[in-house]
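Residue strings, one per chain:
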Amino acid sequence: MFDWNDLRFFLELQRSGRLLTAARRLNTTHATVARHIEAIEKSLGTALFVQHAQGYELTPAGEALLKHAEAMENVALLAQEEITQSSAPLGKIRVGVTEGLGIMFLANRMNGLFERYPGLEVELVAVPRFVSILNREAEISIHLERPAADMLVTRKLTDYRLALYASQAYLDRSPPLRSREDLGRHAWIGYVDDLLFSQELMFLNSFCRNPQVVFHSTSVIAQQQAARSGLGIAVLPCYMASTDPELVPLLPDESIQRSYWISTRRELHKSVRLRVLWDYVVELCEREQGLLLG
């Protein structure tokens, strides 16, 4: 029988794909990770990984072990939670969320959660990319697209609206903007097309056939700041821009609607600490529909 502790190293290398990344996440050295992988491979009598230039990939034997290793990890996590909840309620929960919603909406609306559950600790991973719950980057993830994985519990969190905004300083020095046809004469702010993490962010052409984009950023917050400084027109979520005194809403009939989806791993959905945060975020979005939909 192999050492069960080796499975932690096996799972982390599978998720990260690189020895150094796995070592950093486990707070150890790459040599230690490699030693544990060698130990479990020797015990099982087969190779679990094959190394490529892009990193480590599972062999067929590794694929077969993966589902059992994940099941063992899930049982351990649920056992830990069941025991700790009886003596120290709640604990830490990590939620991965898109940058705009995480920083500009959720972060300043969490007081009610901690008033209700003072034993809770939240890690908010708010980044301009997809945060994977399958790879344990977070326990709850909020996406721009509905995940398709069978092992997830997913529901629509909320619809939200995006509209056109610019600073008054930009409008004062630019051509008149009275209708959709005028948009082609203006400067635009948008995403870096080849670094988009979701096709849901390809929306400039919904407003203007050939937008003259003068400033690109992977960050929607950077786009908001660029619009505030007068660089041009930005398409921004209404929950971010409608309360910004430095931005002016443009062409009120021109807007688009998108959705956020919230998901978690199926086996974690009954977790007390997860349900506390999940339910709070769902209730919050229902309560703030006016802001989210502009």
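Just above, that's the structure.
I will try to describe carefully the structure that is included in this document. (Residues numbered from 1 in each chain as written. Predicted model: local features only at pLDDT ≥ 70, side-chain atom pairs only at ≥ 80, totals over all residues. Heavy atoms only, no water.)

### Side note on the overall build of the chain
Point 1. Of the regular secondary structure elements, the chain holds 11 helices and 10 strands.
Point 2. Principal-axis analysis of the C-alpha atoms places the extent of the chain at approximately 75 × 50 × 30 Å.
Point 3. Split into buried and exposed, the 294 residues of the chain put 48% on the buried side.
Point 4. Long-range contacts, defined as pairs at least 24 residues apart, comprise 75% of the intrachain contacts of the chain with a sequence gap of at least 6.
Point 5. Counting every atom, the chain has about 15100 Å² of accessible surface; 52% of that belongs to carbon and sulfur. (Helix = DSSP H or I, 4+ residues; strand = E, 2+ residues; numbered from the N terminus. Buried < 20%, exposed > 50% of the residue type's maximum accessible area, 1.4 Å probe, protein only. Contact = heavy atoms within 4.5 Å. Areas by Shrake-Rupley, 256 points an atom, 1.4 Å probe, with all protein chains shown as cover.)

### A word on unusual backbone geometry
Point 1. With a phi close to 60°, Asn-27 is a non-glycine residue in the positive phi region.
Point 2. Relative to the assigned elements, Asn-27 resides in the loop between α2 (19-26) and α3 (30-44).
Point 3. A positive phi angle is found at Leu-251, which is not glycine, with a value near 40°.
Point 4. The topology assignment puts Leu-251 in strand β10 (residues 248-265).

### Regarding the nonpolar core
Point 1. Ranked by internal contacts, the top residues of the largest apolar core, which has 64 residues, are Leu-101 and Ile-142.
Point 2. The element that contributes the greatest number of residues to this core is helix α10 (residues 272-287), accounting for 9 residues.
Point 3. Contacts of Leu-101, omitting those with residues within four sequence positions, involve Leu-106, Ile-142, Leu-157, Tyr-239, Tyr-260 and Leu-292.
Point 4. If you look at the next biggest cluster of nonpolar residues, it comprises 18 residues, including Phe-2, Ala-22, Ala-23 and Ile-40. (Core = buried A, V, L, I, M, F, W, Y, C linked by side-chain atoms within 4.5 Å.)

### Examining α2
Point 1. All buried positions along α2 are accounted for by Leu-19, Thr-21, Ala-22 and Ala-23.
Point 2. At its buried positions, α2 is contacted by α1 (6-16), α3 and β2 (55-58).
Point 3. The first or second residue beyond α2 is Asn-27, which carries a positive phi of 60°.

### Describing the packing of aromatic side chains
Point 1. Applying the stated rule across the entire model yields 6 aromatic pairs.
Point 2. Aromatic pair Tyr-191 and Phe-203: ring centres 6.1 Å apart, planes at 70°, arrangement edge-to-face. Here the residue Tyr-191 occupies a position in the loop between β7 (187-190) and β8 (212-216), and Phe-203 occupies one in the loop between β7 and β8, the gap between them amounting to 12 residues. An identical accessibility class is assigned to Tyr-191 and Phe-203; each is buried.
Point 3. Clustering of aromatic rings is evident, with ring pairs tying together Phe-105, Tyr-160, Tyr-239 and Tyr-260. (Phe/Tyr/Trp six-rings, centres within 6.5 Å; stacked < 30°, edge-to-face > 60°.)

### Digging into the environment of Ile-142
Point 1. Residue placement: Ile-142 occurs in strand β5 (residues 140-143).
Point 2. Considering only alpha carbons, one finds Ile-142 and Val-97, 45 residues apart in sequence, at a separation of 4.8 Å.
Point 3. In this structure Ile-142 touches Val-95, Gly-96, Val-97, Thr-98, Leu-101, Leu-106, Leu-157, Tyr-260, Trp-261, Ile-262 and Val-281, once residues within four positions along its chain are discounted.

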